[in-house]
Every structure is written in structure tokens, then in C-alpha cells.
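Fold and geometry: a report
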Amino acid sequence: MEGQIDQSDLKIKKIAVAVIVIFHVVGLIGFLIPALQPYFMKMVPFHLLLMFAIIIYTYVGDVKRLLLFVSGVFLCGWLVEVLGVHTGKIFGSYYYGNTLGYKIAAVPLLMGVNWVILIFSIGQMVKSFKIRNSILASLIGALMLITFDFFMEPVAMKFDYWQWDWHQIPLQNYIAWFIVSIILLKFYYALGLKQQKYIGAAMFTAQLVFFVVLYMTTGTNIFA
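Computed from a predicted structure; not experimentally measured. (Residues numbered from 1 in each chain as written. Predicted model: local features only at pLDDT ≥ 70, side-chain atom pairs only at ≥ 80, totals over all residues. Heavy atoms only, no water.)

All right, on to the packing of helix α6 (residues 134-158) against helix α7 (residues 171-191) then. Relative to each other, α6 and α7 sit at 140°, their axes nearing to 8 Å. With respect to α7, the axis of α6 lies oblique. Regarding α6 and α7, the two cross each other, and that crossing is right-handed. Across the contact of α6 with α7, the residue classes tally to 15 nonpolar, five polar and three charged. (Axes fitted to C-alpha atoms, helices over the stretch in contact; angles between N-to-C directions. Helix = DSSP H or I, 4+ residues; strand = E, 2+ residues; numbered from the N terminus. Parallel < 35°, antiparallel > 145°, perpendicular 65-115°, else oblique. Left-handed = near helix turned anticlockwise from the far one by under 90°. Nonpolar A, V, L, I, M, F, W, Y, C, P; charged D, E, K, R; others polar.)

Dropping the structure here:
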């Protein structure tokens, strides 16, 4: 029976990986073609919610720990963004556009969801490296997230996710990302969430490729 359950779970995760890859590829094509960009920008909130749903649906383990992780990271991530937007003292001076949808206190609720997706994905990915020291794992994960953010920032500005004052991304942003990421990743590892095959690596890699390609074409319309 256990073998049958494992095979069933493996099949579900392979389907989930296929969905992750397909939606990111289709989204990438839509963002690369200027005529399609306005339509695909409207789909961003639904895309994030789908990725979030995949994480929840495919998770096999202690559901209470997963819910604690989701609620903790969502609230922490969203509140940090609220403080950041209203004070300019965390990430720098910036404001959110309309692409990420409904806002409370000038911050899209989906930013909390986005933090959950990123921390879960990179947490799972680094966990597969078999690093036993959670502090070291958190540091490595945070460095990977800074690399991800480096490619994401110019793309986010181009497609109105958010905008930086004076259109300059401050060094402060990357330092804050690093610190916040370490804290949230340490929380992830402290909960001892069960390792899920493929999902984390597929999710993070798909997002990284998506933003790297768009970063390389930012300011140019290669299909124009």
C-alpha cells in the first residue's frame, strides 16, 4: 500500500512540475511579445495563485506545520513590505504598481504569497543539497535569492510590479533581501517541513529562467 501511495504521489508531482514548466514558458513567451504583454500582465496574480496552490496541493507531510509556515511567512513578508513602502528604511524608497493586483496599505496581498513561494522553493532546493547546518543552509538560500532578485528587479520595474524612486535600485534593497531571507529560511528549517520531490527545484528554476531571459531582453522588444 505504501508503495502505491508513493507512486501516486510521484505521479502527481511530475504532473505538477509539467504544469510549472508549461505555465512559465507560456508566460515568458507572452511577456516577450509586445502585443501580448498587456494581457499577460493581467494574468500575473492568477499565475502566482496557481503556483501557491501547487505547493499546497502537492505537499505530503504535517499539514499543521505547512499552515504555520504559510501563515508565518505570508504575514512576515507582507508586513515587511508595508513597513518598507511607508518608511523607505528597509529596502529603499519604492511603491507598487497595478500588476500584482489588490492592495492593502499600498502593498499587494500577493506579495505575501510571493514570499511564501520563494522561501518554500529555495528552502526545498537547498534542503536537497543535504546541508545539515540550518544557518549555513539559510545563508546559501539567501545568497541564491539575492541573485534571483538581481535579475527580477529591472523586469519588475518594466512590467509595473513596483517602481523605485529615481528608477535606481539601491544596494540597501539587496542587503535587506538577504537579511529577511535568512530569517524566513531559518523559520522554514526550524519547522522541519518534509522534503518534496522536484517541486521546490522546479519552481525556483522556472522562475529564475523566466526573469533571467526577461532581464536579458529588458529595454528591447526582440519580437517587435
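This part is about a nonpolar patch on the surface. On the surface, L171, I175, I179 and I183 cluster together to form a nonpolar patch covering roughly 410 Å² of accessible area. Tracing the chain through its elements places I183 in helix α7. Given the relative accessible area of 52%, I183 is considered exposed. (Patch = residues over 30% accessible without salt bridge, like charges linked within 9 Å, V, L, I, M, F, W, Y side chains within 5 Å. Areas by Shrake-Rupley, 256 points an atom, 1.4 Å probe, with all protein chains shown as cover. Salt bridge = Lys/Arg side-chain N within 4 Å of Asp/Glu carboxyl O. Buried < 20%, exposed > 50% of the residue type's maximum accessible area, 1.4 Å probe, protein only.)

Turning our eyes to something else, we now look at helix α5 (residues 110-127). End to end, α5 covers 25 Å across 18 residues, agreeing with the expected 26 Å (1.5 Å per residue, within 8%). By the criterion of burial, α5 is predominantly enclosed, with 17 of the 18 residues buried. (Expected span 1.5 Å × (residues − 1).)

In this section: the packing of aromatic side chains. Counted according to the given criterion, the structure contains 19 aromatic pairs. Taken together, a centroid distance of 6.1 Å and an interplanar angle of 85° make the contact between F91 and Y94 edge-to-face. Each member of the pair, F91 as well as Y94, carries the same accessibility label: buried. Arranged with centres 5.6 Å apart and planes meeting at 70°, the rings of Y94 and Y96 form a pair that is edge-to-face. Here Y94 matches Y96 in class, with each residue buried. Pairwise contacts between aromatic rings join F31, F148, F159, F204, F210 and F211 into one cluster. (Phe/Tyr/Trp six-rings, centres within 6.5 Å; stacked < 30°, edge-to-face > 60°.)

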